[in-house]
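# Observations on chain architecture
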Amino acid sequence: MSVVCGQTCLGNAATPSELVLRGVFLARQKELDWLYSYGASEIMAEAWDDFVSVIPENERGELIDAFYRKLTADDEATRLEAARAWSVWEGQVATLLPKPELVEDYADAAKALPMARISARFFREKFWLEENQLLRDVGKLKGIPGIIVQGRHDICTPPTSAWELKKAWPQVELWIVHDAGHSASETGIIDASLPSARPPTLYASFGDWMLLALILASWSWAMATNATARYRRMRRTVMQRCG
């Protein structure tokens, strides 16, 4: 979503001077397939089986659609069962090492249902973007510097997307954190992030890459601060972390 904001705000007062990204997701079909069809399922096999167990086998070919039907069902128990399964899966694939407290937090019905419904809706609609649109239009970011902080062992958004974005956007610096997964609460990600960033517990509590409203709010907050100074501080921190 930060890339979308950067591409669509050019030429007006909200044009960003820099962008800082973490765990790059470019809303392409292959990325959705990785997380909800085949890919992550091979790494987190036991968690995957638990995840899909709430969906009948004959509906798993279109898993996101099947979950969305349950997440929007009239029956509350059906909605909550699907929401917990969805959110627990996201919590389990978010970190390098298991974090039961994070998974438990994701399973909280008050957080699981809105997170799962927002995620499933955006995924069903492909974020209202054309396939490969973000890479296709990356030229709009020409002249805007940035940093990508990417966990090497990110199961949610594997490093291939960050690398493809880096190749298409020469001004961005790609920093691979070798001892981290996806979550903003990962120690390596924290160390490579802005010292003035909001507490990582906020991201962990609400699903750091799924609650799109939070991401947009975060972007707006960044634009209202001294982005240049923050960018320089982050670059120094990341260089110390990643060598």
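Attention in this report is confined to the structure presented alongside it. (Residues numbered from 1 in each chain as written. Predicted model: local features only at pLDDT ≥ 70, side-chain atom pairs only at ≥ 80, totals over all residues. Heavy atoms only, no water.)

On to the packing of helix α6 (residues 76-92) against helix α8 (residues 109-124), then. With their axes 8 Å apart at the nearest point, α6 and α8 run at an angle of 80 degrees to one another. Judged by the angle between their axes, α6 and α8 are roughly perpendicular. For the pair formed by α6 and α8, the contact residues are R79, L80, A83, R84, W86, S87 and E90 on the first element and A109, A112, L113, M115, A116, R117, S119, A120 and F123 on the second. (Axes fitted to C-alpha atoms, helices over the stretch in contact; angles between N-to-C directions. Helix = DSSP H or I, 4+ residues; strand = E, 2+ residues; numbered from the N terminus. Parallel < 35°, antiparallel > 145°, perpendicular 65-115°, else oblique. Contact = heavy atoms within 4.5 Å.)

All right, on to the pairing of strand β1 (residues 19-22) then. Successive residues of a regular strand alternate their side chains across the two faces of the sheet. Residues L19 and L21 point to one face of β1 and are all buried, whereas V20 and R22, pointing to the other face, are not buried. Inspection of the sheet shows β1 paired to strand β2 (residues 146-151) by four bridges, in the parallel sense. Each residue of the ladder has a partner; that of R22, found in β2, is V149. (Buried < 20%, exposed > 50% of the residue type's maximum accessible area, 1.4 Å probe, protein only. Pairing = 2+ DSSP bridges.)

Before going further, it helps to examine the packing of aromatic side chains. One pass over the full model with this rule turns up 15 aromatic pairs. Relative to W89, the ring of F51 has its centre 5.3 Å away and its plane inclined at 5 degrees; by these criteria the two rings are stacked. Of the two residues, F51 is situated in helix α4 (residues 45-52) and W89 in helix α6; the sequence distance between them amounts to 38 residues. Each member of the pair F51 and W89 is classed as buried. Geometrically, the ring pair formed by F123 and F127 is tilted, given 5.6 Å between the ring centres and 45 degrees between the ring planes. Its relative accessible area of 13% is what places F127 among the buried residues. Aromatic rings pair up to connect F25, Y36, W48, F51, F67, W86, W89, F122, F123, F127 and W128 into one cluster. (Phe/Tyr/Trp six-rings, centres within 6.5 Å; stacked < 30°, edge-to-face > 60°.)

Turning our attention to the nonpolar core. Nonpolar side chains tend to gather and get buried jointly when the protein is soluble and globular. Ranked by size, the top nonpolar core spans 49 residues in total, and within it F51, F67, W86 and W89 carry the most contacts. Among the elements of the structure, β1, α2 (29-36), α4, α5 (63-71), α6, α8, α9 (133-136) and α10 (159-168) are those that each provide at least two residues to this core. When neighbours within four sequence positions are excluded, F51 is seen to be in contact with Y36, L63, F67, A85, W86 and W89. Counting seven residues, the second-largest nonpolar core is a separate cluster that includes W175, V177, A180 and A192. (Core = buried A, V, L, I, M, F, W, Y, C linked by side-chain atoms within 4.5 Å.)

Moving on, we come to the sheet that holds β2. Ordered in space as β1-β2-β3, the three strands form an open sheet in which the pairing is parallel. Both edges of this open sheet fall to β1 and β3 (172-177), since each of them pairs with a single strand only. Taken over all neighbouring pairs, the strand axes of this sheet differ in orientation by 15 degrees on average, direction set aside. Contacting β1, β2 and β3, α10 runs over the sheet at an angle of about 160 degrees to β2.

A side chain of one charge can pair with a side chain of the opposite charge if their charged atoms are brought near each other. The tally for this structure, following the rule as stated, stands at 11 salt bridges. Between K30 and E164 there is a salt bridge whose closest N-O contact spans 3.1 Å. A residue pair is termed long-range when its members are at least 10 positions apart, and K30 in helix α2 and E164 in helix α10 qualify at 134 residues. Between E125 and R121 there is a salt bridge; the shortest N-O distance is 3.6 Å. We classify R121 as partly exposed; its relative accessible area is 34%. What you see here is one network of salt bridges that share partners, running through R28, K30, E31 and E164. (Salt bridge = Lys/Arg side-chain N within 4 Å of Asp/Glu carboxyl O.)

The next point concerns the environment of A110. Counting through the fold element by element, A110 comes out in helix α8. The class of A110 is exposed, set by a relative accessible area of 60%. Taking the C-alpha atoms as reference points, A110 and A83, separated by 27 residues in sequence, lie 9.9 Å from one another.

Not every positive phi belongs to a glycine, and K126 is a case in point at roughly 55 degrees. Among the residues examined, K126 registers a relative accessible area of 30% and is labelled partly exposed. Despite not being glycine, N132 shows a phi value in the positive range, around 65 degrees.

A polar side-chain atom of E164 sits 2.8 Å from a polar atom in the side chain of R28. Sequence-distant contacts of E164, that is, excluding residues within four places in its chain, are made with R28, K30 and L135. (Polar contact = N/O pair within 3.5 Å; in protein donor to acceptor, adjacent residues only side chain to side chain.)

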